[in-house]
Structure formats: C-alpha cells, structure tokens
There are 2 protein chains.
Amino acid sequence: MSKVASWRQDGAERMASEQMVDGLSRLFHGRTVAVVGASSSPGKLGYEILANIVHGGYEGSVYPVNPKAGEILGLPAYASVSACPSSLDLVVVVVPAPLVPGVLREAAAKGAGAAIIISGGFREAGREDLEEEMLVVVAETGLRLIGPNCQGINYRPNKLCASWPLVTAAGSMAVISQSGTVAATLAGWAVDEGLGISATVSLGNQVDVCETDLIEYFAGDGDTRVMALYLEGAKDGRRFLEVARRAVLSKPIVVLKSGRTGAGQRAAASHTSSLAGRDEVFDAACRQIGIVRVDSIESLYDSAKALESLELDGGDRVMVITSSGGCGILATDEAEGCKLRVPPLPPEAGKDLGEAGLLPTAILSNPLDLTVAPAEHFEAAVRVVERHGLADTYLLIFGDPIPGAAEVTKRLKARVGARIAVAYLGGGDVEKEERLLMHAAGIPVFPTPQRAIRAIRDAAWAARFRARVTRESA
Amino acid sequence: MSKVASWRQDGAERMASEQMVDGLSRLFHGRTVAVVGASSSPGKLGYEILANIVHGGYEGSVYPVNPKAGEILGLPAYASVSACPSSLDLVVVVVPAPLVPGVLREAAAKGAGAAIIISGGFREAGREDLEEEMLVVVAETGLRLIGPNCQGINYRPNKLCASWPLVTAAGSMAVISQSGTVAATLAGWAVDEGLGISATVSLGNQVDVCETDLIEYFAGDGDTRVMALYLEGAKDGRRFLEVARRAVLSKPIVVLKSGRTGAGQRAAASHTSSLAGRDEVFDAACRQIGIVRVDSIESLYDSAKALESLELDGGDRVMVITSSGGCGILATDEAEGCKLRVPPLPPEAGKDLGEAGLLPTAILSNPLDLTVAPAEHFEAAVRVVERHGLADTYLLIFGDPIPGAAEVTKRLKARVGARIAVAYLGGGDVEKEERLLMHAAGIPVFPTPQRAIRAIRDAAWAARFRARVTRESA
C-alpha cells in the first residue's frame, strides 16, 4: 500500500468518528482566519477572496499574509503565517502548489485547525507528491484540509465567504460540489430569487475532507435544511452510502452526478481524478438509500428548493390551479411522465367550485383554469378542493402579473400546510416581487409548470421514502 | 356542413392567398387603433392594455372607447367606435362577449381592417353562437380577427404593445402562442436577457386568424429571424404542414406542442377546444418538414435563441472550452445523449495548445479545461482549434466572473463566424453584464452547459435539414 493510500485509509477511519465533525467546526466556525497569498491586485484570487471575506460580513479577525507585507484592503498584511499577531483557526491558501505543504505546517504550528487550499497544480497536474506531503501534515497535526484545487467555502452562519463570487444572503440550502462553478451557480440563483444559502463548499481534489465528511457535518448543522451535491464520483463509495443513508432520514439530499456517459467519465477522470464507477450502480444505490438523484443543474436547484420547504406525505395527487390554461396542460403532461396524478374532480367538488365566486370563464376541472383571475380566486378554489380532500400537493400557476399572489399563498399555506408549490411566469415585475415574498415565506416558486412538477415528484418521492423507512423501523 | 364550418372552409381558402398576408398587415402595421372597453381603473384589462399601448411607444393614434367617455390616461375617450374622430385600422376589444359582434360591425364600418378580441366567454364557455356571428362579420366585411379569448399582440416594429405585460425591447424572435402566458414568459425572458422580441401573438380561440396564417406572415417579416410557437393543436393540420414546410426554408420554426399525454389532451380540449391529434404523428411530421420540436418552455426559448443567431453547417463536432471542469463534463454527458460528438484532440493540436500560453493547470483535451483563466485564454484556444479545423460548433463555458468574456467572444465570432454558443454561469454580476453584451452582439448565451448543448443540437439539426433540402432541390 502506498504511503498516500495508507494515510487515506487511516483518515477514513478517523473521519468516521464524531471527532471528525468537531474538527470541521473550526473550518466553519473559526474566529481568526489568515489569507495566505493575499494580493492587493483586484482580479487576482488572493485579492478577491480576501475582499469577499471582508465585504461578506465576517466578524472574526482577518490576517492577509503576503511577503511584501504592507496593507491590503485597509488591513495590515503579515509577511508569513508565523508573523500573524494571534493564533489561527483557519488558513485560506492561494500560493503556488509547491509552497503549500510548508504553509500548512506553519499554520498548524500557529494553532490552525483547518485549511482551505484554493491553489491548483497538484494531482490534476501530475504532482501527487505534493498531496502526499499535505497528507503527512494532516496525519501529524490533525489539521483538516478542504481542496486543493477548489473554490473555497462560504458559510453564512459564520458570515464567512472564503470563496467567489460574493454571496451574503443566508438561507437553508447547503451546496457541496466538486465543481466550484456549480456551487456558485446554485448560490447565485438562490440569491437572485431571495432564497439564499446556508453554505457552499467546493471540494476540489479532496485530499482530506470529502463529500461524505460534509454530508455528516451538514446533517447536524442547525442552519441547513437540505443538501444539494454535485459529484463526479465518491471518494469512498461504501462510506458515502452508509453516511448518506443515515443523513437522509433527518435531512434530504439531492445529487447531480456527472460522468453518466463514457465520454463524460473520461472527462471527469481528468478533472478531479474521480473514479466514477458504473452509473447504473450509483443510480440504484441512490434510490435504495433515499437520495434524490437529478440530471441537470436546474433540477439540482429545483428539487433542493422543493425539499427545503415542502412537507409532503408522499401522495401522488396533484391539484393544478392556474390562471393560464396552456400552463395547466403543460403541467398535466409533465405529471403523467413523472408518475403523478392530476385526477379529475368529482361532480360535487365541481358543483362547490361553481358556487365559489370564480369567473364565469373558469374551467372547473383539474387542471382548474381560473382564466384571468385575481389572487383571491386561487384561495377560494383551494379551500373547496381541500374541503373535499382531493389533493396531496397543490400546484398554483400564476401565469400573469397577479398582485397579492404571495399574500394569498401564505394564507393558504397556513391553512393546508407546506403542500403548495408555485409556478409563476409571464408576470413581469409583479412576478419578481411576488416570488421574493413567497420565498421569504418558505413557499417554493418555480419558473415553469414543468419544473415545478418535476420538483414535486422528487419531494413526494423523498417523503414516501422517509415514511416507509420510519414505518419499517417502528 | 354547419354555417361555421362552411365559413371556416371559405376562410381557409382565402387565407391561403397572398391577400391574407396583406390583410394581416393592418393588424401589425396599423396607424390608428381604438381600445374598445378602455377603463380608467388600473388592474382592469381595459386599462392595462391601453396603458401598454400608450407607454409602449406606439406612434399612431389611440382612441379609448368607453360609453362614459371622459378622459383616460390623458386621452379623450369616445362613447362608441362610431364616435372615434377618424377612420380606424385596428380595434382592440375588451368588452363582454355578447357585445363583441356588434363592436366588430361598427369597427368594419369605421374602416378597420383587423380586430384583436381579448374578451373570453365564447366557445370555451359554450357560446359557439357568438363565434359564428363574428365569422359572419369576417366574411361580409373582410375584417381579420385575432382571438377571442386571447392576450393580444405585441409587434415591436410598430411599437404596438396591445397585450400584457408591457414589453418594449425589440429583437428578432416572433412568439406565436395558444397560451398568452407562454408568450409573455418568452418575451419576459428575452427582455431580461437583453434580447427582446419582434412580436408576440396570443392566438386564443382562433376563430379567424390561426397559427398557420401567422407562420405565413412572419416568414415574410423582415424584422423576424425565428419563430417560436406554443400550440395545443393545429386548426388545419394539412395547411399547417404545407405552409410550415415552405417557411422553414427561409426562417427556422421551433414548436412546443402540449397534449403529449392523454391527460394533457383532455385538458387541451377544455382550454382552446383544440383537437390535438396523435402526438407521434405530429412529431414525425415536424421531423419530416424541418420544424424543431421541443418539450419544454425553456427549450422553446433556448432553441429559438440558438436558431436566431447561430449559422451552423450541421456538423456534429462540438469543441467545449471551459473555465469549469465540472461544467465541461456535464456538457460532454449531455452531448452524448444529443448525438453530438465532443471528439478528442489529435496530438498535434494538443501540442499547439500547450504552446498557446494557457495556464499550466489547463487540461488540454476536449473538453478543454482552462481552469481559472482570463477571457484571452478562450481566444487563444479557439484560434488553435480553428487552425486545425476540429470544430463545427464551439461551446465556450464561462464558469466564473470573467470580465472581457464578451469582447473576446465577439472577436472570435468575427474570426470563425456565428458558430459559437456560450454557457455563462456562476459569474455573479459580471455574468449578467457580459451576457447582455454578448446578446447585443448576436452571440447566444445559455444559463447551463446542458441547455446550451440541447440548443446546439437543435440548431445543428435544422441546419442539416436545410442543407439536405437545398441539395435535393438543386
């Protein structure tokens, strides 16, 4: 067994312990951070990351480290890690790869518990030897490493954005990703839509901390309600499945895994040297342990969003209530492909809807097409349908600028529970405002009926899975 | 044959003539428009549409018509259509259904050539008799009708937004839709992304003007480069195919047709009384005559966007150049499913790339992972690949905030032609700015690599189709 493989195995055993999770808390909750390789040149990573820590609201101490010292972003810079004026919790490392192992030793000597190594130029560039050196430091000092070759972390409960771009909106979705870009993309969308994130973690080469460690950590993180993962492979498949199996019972996990095809797997091998394994095996494993597997970046976001806020019982009946007939049909088509039902209304419900004060142009079926209706008609309709007990999940499609949609949906959520998903489209500026209000109230809003239906499918499946496991273990 | 059916048949023959297209020009290019049922209450359609015409930049004369007369939005209102102070080109009708036939007669008497009937409450509400009355007016007066039960039209070359929401950005995509919401959604996205539209037309019940008439019209519209259609069925399938077959040779057509499933078809029958027909038949017909058929609202937009600006030769080789390794893999996976190739680079090209000044961390294959690179590295890479003649289409994935991405891509477009699609994600505010700049330069930008690949597939397919037809008819 090579030295690296041996360290890895030791590492795997150690990480499985509770202590591992404690170890990571210095990474996420550290109060002193040094940025090693800090730069005063905007555009350079050593500048951007320092700037994002400073502008991201971090309330701990920040020490730029740069051999030329001086001042960066108004902060005194220090010539080396050792020169920093206090002990450290965390170092963020942006210096060239060959310098990294030395920096890590210095950091450990300075009391650091964790390091984020942004720098590339390791295994992916044929320098496995440098990773081996880093693992020696890990084993000897207990320092925990994120990366190398990664885009850092952003952890909003500690207001620490040691990553890019700058994202400050706090939400409850943790994004764990072998692609920094995928993490940044989800975070960006979540910000634009008023949702925010609890964390993004870019994994890079995973010399030490891997996706499974993070699943374990975020399963216990009080600020996180759902985990969204982009993976190219699992570092240790068996442990991944064991840990995820436990984690999903308390917190939903959505995974986008690339390398579905032969060409994709070859590309993945170059990117983070992941061994993707057979795709069907991974797929079956996900289904078996309750991970929601998706096939696109949008679905990763959508399904995580749905799982973050919906509380479903797993039933397959969707009541579609819409101001847009066309969108109702698109939802119905999609539901059939998703093995959800849009069941017809029984005559007595139709009769009650007929007396609910809807427009004479309304089409009283499922989908229920309210036509150009005010928000209150959605409320009247849901109340009738709920009285008849006809829906497991409601999909409200606001297909026009409909002022007051958020107020009405919030009232309905209070009445029927977190079983309402919304598709809002074609609504111009009103749509944008109402979406923010709904997201602030924990109501998931999707940009099309089709994406809403797919997200409902995944949330309903996860609910059924949890219910079954709970039943079986009772 | 019922009176309606007979009028329809007469209509179909008449519409097939060139005169039909002339008839529609009063609809799109009219210089005097009356809004019948104009209201002074914001929120009412009769107010919103008038406001959108006024605020949308329309330079012709606008006459609000309201029995109470007075003034609306600073314009003098007239008690009736007959009372308007000049002859009319176009009336937009928002009054209750039973009043509509009378209004149309008045409008025709006042010289109007076209009417847009927003009002619902016709066939979809069991009042086929009112539609019959309207068809009598059409036959007797030559007035052309859009609707009823529709969301109006927006035609930017005439700065006429007789629809909602207000959209003023002028582009070259014409959206023709049996769902007003789907049209508004595409227009909204096009505005947000700096693309704009040439037109949206909401079809409604298609008593007179139908999707096929509009395909014929926009095939000859100098401001339109691509048509995006949402359909629930074709009014006259045979004529639709004949007209579309000719039209696609000059202008690409993308179609989203709902009612793919049994449940969806039943819903479609309630919405616009469309007879959807067998879905597979429609699918096969599209493939045979060169219509790009898509299966989601996003794909309708994406593929139309790609066809609006890309000029491909139909080859299947995609060169993926990326700053994000993960996104390169996702693109590669998707390409395999789309029957596109992401072929490996021959050694000599790899050697030249090695000397092109890229980062030492770059992975010199296809996908070509530049890692955290400046925009100029994309340029250097494309130049090498182009010299070796390795790509039919380029997909540039900017997976970070990359200032200057638009400038570089514009230079590359000038060099290699309109064969470059872009996926830009994870780039925060820089991304948003660069996307606007690229769209202004006719370079299509997609929010994920997967959506970019699917759009490239459709654009390449359409190019192959056109090339084959041209060859066969030569």
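Here we summarise the structure given alongside this text.

About the thresholds
- Residues numbered from 1 in each chain as written.
- Chains lettered and ligands numbered in written order.
- Predicted model: local features only at pLDDT ≥ 70, side-chain atom pairs only at ≥ 80, totals over all residues.
- Heavy atoms only, no water.
- Buried < 20%, exposed > 50% of the residue type's maximum accessible area, 1.4 Å probe, protein only.
- Helix = DSSP H or I, 4+ residues; strand = E, 2+ residues; numbered from the N terminus.
- Pairing = 2+ DSSP bridges.
- Right-handed = clockwise from strand over helix to strand, strands pointing away.
- Contact = heavy atoms within 4.5 Å.
- Buried area = accessible area lost by both parts, 1.4 Å probe.
- Salt bridge = Lys/Arg side-chain N within 4 Å of Asp/Glu carboxyl O.
- Polar contact = N/O pair within 3.5 Å; in protein donor to acceptor, adjacent residues only side chain to side chain.
- Nonpolar A, V, L, I, M, F, W, Y, C, P; charged D, E, K, R; others polar.
- Core = buried A, V, L, I, M, F, W, Y, C linked by side-chain atoms within 4.5 Å.
- Least-squares fit on C-alpha atoms with pLDDT ≥ 70 in both.

Residue and element names in this part refer to chain A. Of all the six residues making up strand S17 (residues 393–398), six are buried; the element is thus mostly covered by neighbouring parts of the structure. Covered by surrounding structure in S17 are Thr393, Leu395 and Ile397 together with Tyr394, Leu396 and Phe398, the residues of both alternating faces. Direction of pairing for S17 relative to strand S18 (residues 420–424): parallel, over a ladder of five bridges. Counted as the bridge partner of leucine 396 is valine 422 from S18. For the handedness criterion, the β-α-β arrangement of S17, helix H15 (residues 405–416) and S18 is classed as right-handed.

Moving on, we get to the interface of chain B and chain A. Listed by partner, the interface residues are 59 residues for chain B and 59 residues for chain A. Summing both partners gives a buried area of about 4200 Å² for chain B against chain A, and 61% of it is carried by carbon and sulfur. Of all residues in chain B, Thr181, Ile329 and Asp333 of chain B bury the most surface against chain A, accounting for 14% of the area lost on that side. If you look at where chain B meets chain A, you find six salt bridges. Of the charged contacts in the structure, one is a salt bridge between aspartate 192 of chain B and lysine 432 of chain A, with a shortest N-O distance of 2.8 Å. Along the contact surface separating chain B from chain A lie 26 residue pairs in polar contact (both at pLDDT 80 or more). Breaking the side of chain B that touches chain A down by element, the ones donating at least two residues are helix H6 (180–192), helix H9 (262–272), helix H11 (297–309), helix H12 (325–337), helix H16 (428–440) and helix H17 (449–473) of chain B. Sorting elements by how many residues they give to the side of chain B that touches chain A places H12 of chain B first, with nine residues. Classifying every residue of the side of chain B that touches chain A gives 22 nonpolar, 25 polar and twelve charged.

A separate point is the nonpolar core. Ranked by size, the top nonpolar core spans 104 residues in total, and within it Leu186, Leu300 and Leu395 of chain A together with Leu186, Leu300 and Leu395 of chain B carry the most contacts. Among all residues touching leucine 186 of chain B, those that are not within four sequence positions of it are Met173, Val175, Ala228, Ile297, Leu300 and Tyr301 of chain B.

Let us now look at unusual backbone geometry. All names here are of chain A. In this chain, tryptophan 164 is followed by proline 165 through a cis amide linkage whose omega measures -10 degrees. Within the secondary structure layout, proline 165 lies in the loop between strand S9 (160–163) and strand S10 (170–177). Positioned with a positive phi, threonine 371 is a non-glycine residue whose angle comes to about 55 degrees. Residue placement: threonine 371 occurs in the loop between strand S16 (368–369) and helix H14 (375–387).

The next subject is the relation of the copies chain B and chain A. Once chain B is rotated about the relating axis by 180 degrees and shifted along it by 0.0 Å, it coincides with chain A to within an RMSD of 0.0 Å. Expressed as a symmetry operation, the mapping of one chain copy onto the other fits a two-fold axis. Using C-alpha coordinates, one finds that chain B approaches the rotation axis most closely at glutamate 298 of chain B, a distance of 5.5 Å. In this assembly, 100% of the residues forming the interface of chain B have copies in chain A that are likewise at the interface, indicating an isologous arrangement.

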